[in-house]
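# A look at the structure
Here are the chains, one letter per residue:
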Amino acid sequence: MKLDARVPAGPMAEKWTRHRTEMKLVSPANKRKFKVIVVGSGLAGGSAAASLSELGYQVHCFTFHDTPRRAHSVAAQGGINAAKNYPNDGDSVHRLFYDTVKGGDFRSREANVHRLSEVSAAIIDQCVAQGVPFSREYGGLLANRSFGGAQVSRTFYCRGQTGQQLLLGCYAGLNKQIAAGGVKMHTRRELLDVVIQDGVARGIIVRDLVTGAVERHAAHAVVLATGGYSNVFYLSTNAMGCNATAIWRAHKRGAGFANPCYTQIHPTCIPQSGDHQSKLTLMSESLRNDGRVWVPKQKGDKRPPAQIPEGERDYYLERKYPSFGNLAPRDISSRAAKEACDDGRGVGPGGRGVYLDFAAAIQRLGRPAIVERYGNLFDMYERITGENAYQVPMRIYPAPHYTMGGLWVDYDLMSNVPGLFVIGEANFSDHGANRLGASALMQGLADGYFVLPYTIGAYLAGSKLGEVKGDEQPFTDAQKEVEARAAKLLGVGGKRPAAAFHRELGRLMWERCGMARNDAGLKQTIEEVRGLRERFWQDVKVPGGANGLNPALEEAGRVADFIELAELMCRDALQREESCGGHFREEYQTPDGEAKRDDERFCHASVWEWKGEGEPQALHQEPLSFEVVALSTRSYK
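Structural notes, computed from the coordinates. Here the structure is a predicted model, which means the values were calculated and not measured. (Residues numbered from 1 in each chain as written. Predicted model: local features only at pLDDT ≥ 70, side-chain atom pairs only at ≥ 80, totals over all residues. Heavy atoms only, no water.)

Strand order in the open sheet formed by four strands is S16-S10-S20-S21, and the pairing between neighbours is antiparallel. Taken across any chain shown, the strands that pair with only one partner, and hence form the sheet edges, are strand S16 (406-407) and strand S21 (618-623). Here two bridges tie strand S10 (residues 257-258) to S16, and the two strands are oriented antiparallel to one another. Looking at S16, one finds that phenylalanine 257 is bridged to leucine 407. (Pairing = 2+ DSSP bridges. Helix = DSSP H or I, 4+ residues; strand = E, 2+ residues; numbered from the N terminus.)

Printed below as a string of structure tokens:
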């Protein structure tokens, strides 16, 4: 495996501009000769498909949903970052760049982060032009609020529905291209393999989830925009359909998987209420602008919150991180909540919760102001918990949310497999070991609207690819493998549904590869995951057949991939003998419990290469250099 990041030369602030001016171009007349497959229709995939079609390429967009509007991007609540400095509080492209590199605990590629910061302002202009109803100040300017890890207000928002409104804007642009014939939309299709011909990605194998038919689709380039893999934990804030199958099957075809152990635990989620749950519910990080996080000072204090005097409350984020307070980054805030609960000061059932209290904000601003800012979030909380957060504090607890790891890509967002591009959460490139809040939407739209349309054109202009019809031998072989895998799942004839194995896997991963990891626990989990995999293939029950609608077959295939991915996550966490961002090894921490990096040994991206069934994966490294933001101890105190 060759890892060439292909970062342009020159000063950091000029790299992207210089790169664009030096790229090979495809003439307008030739663009229509190229066919591009985009897998995924969320903010990254939808924006990429619409943009590429607008430029003139033939685009085929695939989603396993019945409509692109159901992509998980719709669930994002709090906002999208951009360095526009509307509040005039000192923000800039450099400050956003610095905050993002620091927020990722110096484990991201500097050049990619700077580009993301550069194009952030254009994203807002694009979305406003599409009619996205951002919240506005009295004078008409777009409103901003703060998010964790920043001391400026740079987050644009639509109350608590930002992802939904951005996706509707993206969907409008995509629909325009569908109507114009530039995008052919393939709904209810799941990618089950990537086809590599002569060392180049030339197509995909999908299953029609309604008819069961296995289809071949050929193109000049393939773009994966299929999101992250937090559902490996079973309970997460992700939609239940979110999975890792697309990137995992691409990995098994040769695409490097970078930093799989970098997963984010979001500090602001509704605590689990019982074993019956199949997912967890996110409460937007934006709530921490006005909500104060606290627990009782005394262990075992079970009094109602209103009966606990101010002097007997521990506002632990304000105490430990006075510079950032309740807006400390997610990884730090999550560990602090776990620490308080492990100390016996947690609240609610089982002591697995902390308070997010709006009493002071309501007293200061008045209830109408809180309703205007967060009303739909308070309504959602009450529907789920039966508690009125205007009257009693919310109860929150950390939960799996986002994954910073993903397929390795170079500066042009192409994987080490030529012709296979990966955008949005499916790649590893921008967030290092921890993602700052409101940066996921920023990355997805930056990749789709402002980066990929340039870089994929440069690839196509420099390629000499002939037509591929889909009847070539690599397509035939890949289809046979997909059909054989389905037949194997259906033929096990066991007694346990796939969900039971998934739940068991989730418990293992949450306990030993979640917020904290250690050597013994990771080694034990690797062995137990291997045993779980053996039991899965001996006892999974998949009713029905391959020729027709069969959600059980879909789920079983996804769980099988999660089990394999889980082992790699643990191996990656085991070999990274340091703590950084969301990867917290208990053996490597400062005396006051903060993450302790080892820059001499681990200032690199860990990239894993698939070596075949039953073979250990090979580890490669991409060294990380920091020419603008000097390596330093990360502190929010």
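A few words now on the pattern of salt bridges. Two side chains of opposite charge can pair, provided their charged atoms sit close to one another. Within this structure, the stated rule accounts for 58 salt bridges. Where aspartate 410 meets arginine 6, a salt bridge forms, and the shortest distance between an N and an O atom there is 2.9 Å. Pair noted here: aspartate 410 is in the loop between S16 and strand S17 (420-422) and arginine 6 is in the segment before helix H1 (15-22), with a separation of 404 residues, a long-range link. According to the relative accessible area criterion, aspartate 410 is buried, its value standing at 3%. Here the salt bridges share partners, and the residues they tie into one network are Asp105, Arg107, Asp331, Arg335, Arg576, Glu578, Arg597, Asp599 and Arg634. (Salt bridge = Lys/Arg side-chain N within 4 Å of Asp/Glu carboxyl O. Buried < 20%, exposed > 50% of the residue type's maximum accessible area, 1.4 Å probe, protein only.)

It is worth spelling out unusual backbone geometry at this point. The backbone phi angle of arginine 188 is positive, close to 55°, even though this residue is not glycine. Relative to the elements of secondary structure, arginine 188 occurs in the loop between strand S5 (183-186) and strand S6 (189-197). By relative accessible area, arginine 188 is classed as partly exposed at 25%. Backbone geometry at alanine 438 places phi at a positive 70°, although glycine is not the residue there.

Considering the arrangement of structural elements, one finds glutamine 264 in strand S11 (residues 263-269). Using a relative accessible area of 1% as the deciding quantity, one classes glutamine 264 as buried. A distance of 2.5 Å separates a polar atom in the side chain of glutamine 264 from the backbone oxygen of arginine 435. Non-local contacts of glutamine 264, meaning those with residues more than four positions away in its chain, are made with Arg330, Ala399, Pro400, His401, Tyr402, Met404, Asn434 and Arg435. (Polar contact = N/O pair within 3.5 Å; in protein donor to acceptor, adjacent residues only side chain to side chain. Contact = heavy atoms within 4.5 Å.)

Two modes of strand pairing occur in sheets, parallel and antiparallel, and in both the strands are linked by backbone hydrogen bonds. One open sheet holds the five strands; their spatial order is S11-S15-S14-S12-S13, and the pairing between them is antiparallel. Only two strands of the sheet have a single partner each, and these edge strands are S11 and strand S13 (313-314). Sheet topology places strand S12 (residues 292-296) next to S13; two bridges connect them, and they run antiparallel. Across the sheet, residue proline 296 finds its bridge partner in S13, namely arginine 313.

Bringing the pairing of S11 into the picture now. The buried fraction of S11 is high, at seven of seven residues. In terms of strand pairing, S11 meets strand S15 (residues 394-403) through five bridges, oriented antiparallel. Residue pairing across strands places histidine 266 opposite alanine 399, the latter belonging to S15.

Interpretation note: all reported values are geometric properties and have no functional meaning in isolation.
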